[in-house]
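Chain and residue survey
Read off the chains here:
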Amino acid sequence: MRHQRRRSCTQDVSLLSQLQASNNGARKLIQHALLKDTDLHMKIGDYQLCSSKKSGKGASPRLAKGMVKVLPLFKRFLVKFKGLDVGRVLRRHCPLSKMPVGNGNANADKRDDIGHLLSSFSSYYQVATVMTAVCHKCVPAELWGSKRNWRIFVKNVDLLVRMKRFEKLSVEQVMHRMKPSDCKWLETCCPGSGNYTPLALSQRRQQLFMRWICWLFNDFVMAFLKGYFYITESSIHRNRIFYFRKSLWRQVNKLAFQSVLANRFEELLPVSHAGPSTRCSVAWQVIGNILPSPPAKIIRCSCNSQYGQKARAW
């Protein structure tokens, strides 16, 4: 039996990778996701989310009793996140295609390989399915409140993945038809008295739920996509967005760089004692970046015009 290296989700989602799966980590997650950019001592009526007292010198304010009661829920979120095997999820929902067998011509094989890799970009359905599976495995069901809220979130994730370059997804679109009243943990965070719910309390619960959903999109979904996919656009295809697995994009860069050096550059006799690695690094900084055009199976290189004298010395 072959043992593959298990890849954790903590490698590329920066904020969560710094938090431990403990009560202290859950407390920091709540403060960042729900209470960030707000006045922590602000009251709405008699409902306070954070105490003004500090436990020690330089310590952050204590959470209110209602917030402390939901710590186990966010701790469970961190435990699931730390234990997620991202490699398994990617292999199942977004597998890499196999390279074709060459015909013996090195240059032709290299062009065919680049064209095959460029045409192997991940589809919108694959990317959205990966992200849906990650959210389903990491986020406890209680934080969604209901299956209705979960289905709306999945629909918005799919909409986010399919957007073009200059399109935007507003908070109103994300929160449309979602019901914060389905979330029992919001009632625990902001407890009421009796069957009557004041307007200020209802608005506070809605604001907390909105902050939680926005944090999931901005700091979880987007961070995961940027961590495991190379995302680029194509102006000739009306600003369509393409998603490449990071491992596949490294192969594209390597083959494209070798092809450009072989066809467009001629190695001169070294004037100094600079080795091949030095000349290669200089050429890479001259070429700059590689921009794909996946359906056409071609690439174009952007040059670094600021490299100037060092580029001519090569």
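Values in this document were obtained by computation on a predicted structure and should not be read as measured data.

Each value, and the rule that gives it
Residues numbered from 1 in each chain as written. Predicted model: local features only at pLDDT ≥ 70, side-chain atom pairs only at ≥ 80, totals over all residues. Heavy atoms only, no water. Helix = DSSP H or I, 4+ residues; strand = E, 2+ residues; numbered from the N terminus. Buried < 20%, exposed > 50% of the residue type's maximum accessible area, 1.4 Å probe, protein only. Contact = heavy atoms within 4.5 Å. Areas by Shrake-Rupley, 256 points an atom, 1.4 Å probe, with all protein chains shown as cover. Pairing = 2+ DSSP bridges. Axes fitted to C-alpha atoms, helices over the stretch in contact; angles between N-to-C directions. Parallel < 35°, antiparallel > 145°, perpendicular 65-115°, else oblique. Left-handed = near helix turned anticlockwise from the far one by under 90°. pLDDT = per-residue confidence, 0-100. Core = buried A, V, L, I, M, F, W, Y, C linked by side-chain atoms within 4.5 Å. Phe/Tyr/Trp six-rings, centres within 6.5 Å; stacked < 30°, edge-to-face > 60°. Salt bridge = Lys/Arg side-chain N within 4 Å of Asp/Glu carboxyl O.

Some remarks on the overall build of the chain
The secondary structure content of the chain amounts to 15 helices and eight strands. Relative to its 314 residues, the chain shows a buried fraction of 39%. The long-range fraction of contacts in the chain, counting pairs at least 24 apart against all pairs at least 6 apart in sequence, stands at 70%. Approximately 18,800 Å² of the chain is accessible, and the part contributed by carbon and sulfur atoms is 50%.

What about the pairing of strand β5 (residues 229-234)?
Successive side chains on a regular strand alternate, one facing one side of the sheet and the next facing the other. Looking at chain direction, β5 and strand β6 (residues 240-245) are connected through six bridges and run antiparallel. Following the sheet pairing, Ile231 is matched in β6 by Tyr243. Hairpin remark: β5 followed by β6, antiparallel, with five residues in the connecting loop; positive phi at Arg238, about 60°.

Describing the packing of helix α9 (residues 147-162) against helix α12 (residues 199-228)
Packing of α9 against α12 brings their axes to within 12 Å, and their N-to-C directions diverge by 40°. The angle between the axes of α9 and α12 places the two elements in the oblique class. Once α9 is placed against α12, the crossing between them reads as right-handed. Where α9 approaches α12, its residues Asn149, Phe153, Asn156, Val157 and Leu160 are matched on the opposing element by Phe209, Leu216, Phe217, Val221 and Met222.

A short note on the confidence of the model for the chain
When pLDDT is averaged along the chain, the result is 76; 66% of the residues meet or exceed 70. Overall, residues 38-48 carries pLDDT values under 50, and its contacts beyond four positions in sequence, including any with other chains, amount to 17 contacts. Considering only residues more than four positions removed or in separate chains, one finds that residues 307-314, a stretch of pLDDT under 50, has 13 contacts.

A look at the nonpolar core
Membership of the largest hydrophobic core comes to 65 residues, with the highest contact counts inside it found for Leu34, Phe74, Phe153, Trp185, Trp212, Ile213 and Phe220. Per-element accounting of this core gives the leading share, 13 residues, to α12. Excluding anything up to four places from it in sequence, Phe74 contacts Ala26, Leu29, Ile30, Leu34, Leu143, Trp185 and Trp212. Counting eleven residues, the second largest nonpolar core, distinct from the first, contains Ile114, Phe242, Val252 and Ala256.

Quick notes on the packing of aromatic side chains
Applying the stated criterion across every chain, the model contains 18 aromatic pairs. Summarising the aromatic geometry, the rings of Phe121 and Phe242 are spaced 5.0 Å apart at their centres and angled 80° between planes, so their arrangement reads as edge-to-face. With Phe121 in the loop between α6 (106-118) and α7 (124-138) and Phe242 in strand β6, the pair connects residues that are 121 residues apart, well separated along the chain. Comparing Phe121 with Phe242, the two get one shared label, buried. Ring pairing ties together the aromatic residues Phe74, Phe77, Phe81, Trp185, Trp212, Trp215 and Phe220, which thus form one cluster.

Side note on the pattern of salt bridges
All told, the structure shown has three salt bridges when counted by the stated rule. Where Arg165 meets Glu233, a salt bridge forms, and the shortest distance between an N and an O atom there is 3.7 Å. One end of the pair, Arg165, is in the loop between α9 and α10 (171-175); the other, Glu233, is in strand β5, with 68 residues separating them in the sequence.

Re the environment of Arg151
Along the chain, Arg151 turns up in helix α9. Linking Arg151 and Met178, residues 27 residues apart in sequence, is a C-alpha distance of 9.5 Å.

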